[in-house]
Amino acid sequence: MTLMDCIERIPGKLTEIAGRNVTIDGKMAAAEELIIIASGSSYNAAFTAKLFLEKICGIKTTLFYPNMFVNYNTDIRKNAAYLFISQGGQTKLVYEAMLLAKKDGCYTYAMTAEKDCIIARDADCWLDMGCGKEEYRFRTLGFSATAASVMMLGAALAFRKGILSEEAYGQLRKDLVEAARNLEQIRIDTLAWYEKNKFPMLRRDTVLFVGAGELWPVAQESDIKAMEMIPAMTKSYELEEFIHGPQNAFHNGMLFILFSKAGEDEEKVRKIAAFLKQEIGFCAVIGAVADENNERDLKLEIRSRYFAPLEYITFGQVFAYKMAEARGRDLTESVNSVIQKYIQKTI
């Protein structure tokens, strides 16, 4: 078994999530806001869902890293639904954040991979992440399932509140299935692209990921996957921010990956890519704005209207895995596991 097997299971899990009946209880239905507390890939999954929750579902959504919520947040909103996400269900600060919210009288929801964990047991309500058991600590299946589950939770809540019609809710379910059906082709296309470009990429030790709108969280998750799996120094940027201060540090030892879609920012991506390709070095445009005559670019045929980020992230997951594999990385082990002697991340 390899981590690629986890990536290959994602389409089936997303299809299952699309077909689930999500029960919205009275407390969540009455909430004026959804507040999500998560870290790492779980945070990125929630960030992926945020624009969908607010724009499509009409649900005000606020995200917190658990340390910020526990140690720096003073605004506990009793009229909000609090969702705590932890795939393993043992993240120490997520658990502390949940206990803090409960102490202040908030009703708490936990989204975990399995129900038999301390965060799920001590929450007021458990929500299934939908990924099942994931064999590797570097989350791919868990990320995609979490993002899809949070998005469909929002769709079900919007339907319960009367924001979405039954027809619109049904169309969202179908759209998620369309996204799931496309993941295998994107995986195959990414593998072919990697084989064409692996040698110049492996000569570089820094990777910068860039995206705008719904593709910014895709860049963030691609960033963390590459950093922890290859491992390499990585950084992600929102498209506009990328061309300000950061450009002063650009050099040919860096690998630049720009996620792109048609519409807003399309021309900006083209201009930034032209600059990077002509003046700096290796730049790959991934998505709709890719130049099909440039083998460093990869044009993705996106099928989903609302779940496109779940299609794009397949590139980031496969890229990180193949780069790690080429460098001989053992993905069953952490590089600096000795850190557990100094600070505990889990309960």
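Just so it is clear, the model here is predicted, and its values are computed rather than measured. (Residues numbered from 1 in each chain as written. Predicted model: local features only at pLDDT ≥ 70, side-chain atom pairs only at ≥ 80, totals over all residues. Heavy atoms only, no water.)

(A) Expanded view of the packing of aromatic side chains. Under the defined criterion, the tally for this structure stands at 19 aromatic pairs. Ring centres of Tyr 82 and Phe 84 lie 6.4 Å apart, and the angle between their planes is 15°; this geometry places the pair in the stacked category. Taken as a pair, Tyr 82 and Phe 84 share a single burial class, namely buried. Where Phe 259 meets Phe 315, the ring centres are 5.9 Å apart and the plane angle is 80°; that geometry is what we call edge-to-face. Note that Phe 259 is positioned in strand E8 (residues 254-260) and Phe 315 in helix H12 (residues 308-326), a separation of 56 residues in sequence. Exposure class is identical for Phe 259 and Phe 315. Each is buried. Joined through ring pairs, the aromatic side chains of Trp 193, Phe 209, Phe 259, Tyr 312, Phe 315 and Phe 319 make up one cluster. Between Lys 235 and the ring centre of Tyr 237, over which it is positioned, the NZ or CZ distance is 5.6 Å. (Phe/Tyr/Trp six-rings, centres within 6.5 Å; stacked < 30°, edge-to-face > 60°. Buried < 20%, exposed > 50% of the residue type's maximum accessible area, 1.4 Å probe, protein only. Helix = DSSP H or I, 4+ residues; strand = E, 2+ residues; numbered from the N terminus. Lys NZ or Arg CZ within 6 Å of the ring centre and 35° of its normal.)

(B) Representation of the sheet that holds E8 within the structure. Overall, parallel pairing links the four strands, which are arranged E7-E6-E8-E9 in an open sheet. The strands lining the two open edges of the sheet, one partner per strand, are strand E7 (233-238) and strand E9 (282-287). Here the average twist between neighbouring strands, direction ignored, is 20°. Examined bridge by bridge, strand E6 (residues 206-211) and E7 share six bridges and lie parallel to one another. Across the sheet, the residue bridging to Thr 206 is Met 233, located in E7. Those strands touched by helix H11 (residues 266-280) are E8 and E9, and its axis lies near 165° from that of E8. Those strands touched by H12 are E6, E8 and E9, and its axis lies near 160° from that of E8. (Pairing = 2+ DSSP bridges. Axes fitted to C-alpha atoms, helices over the stretch in contact; angles between N-to-C directions. Contact = heavy atoms within 4.5 Å.)

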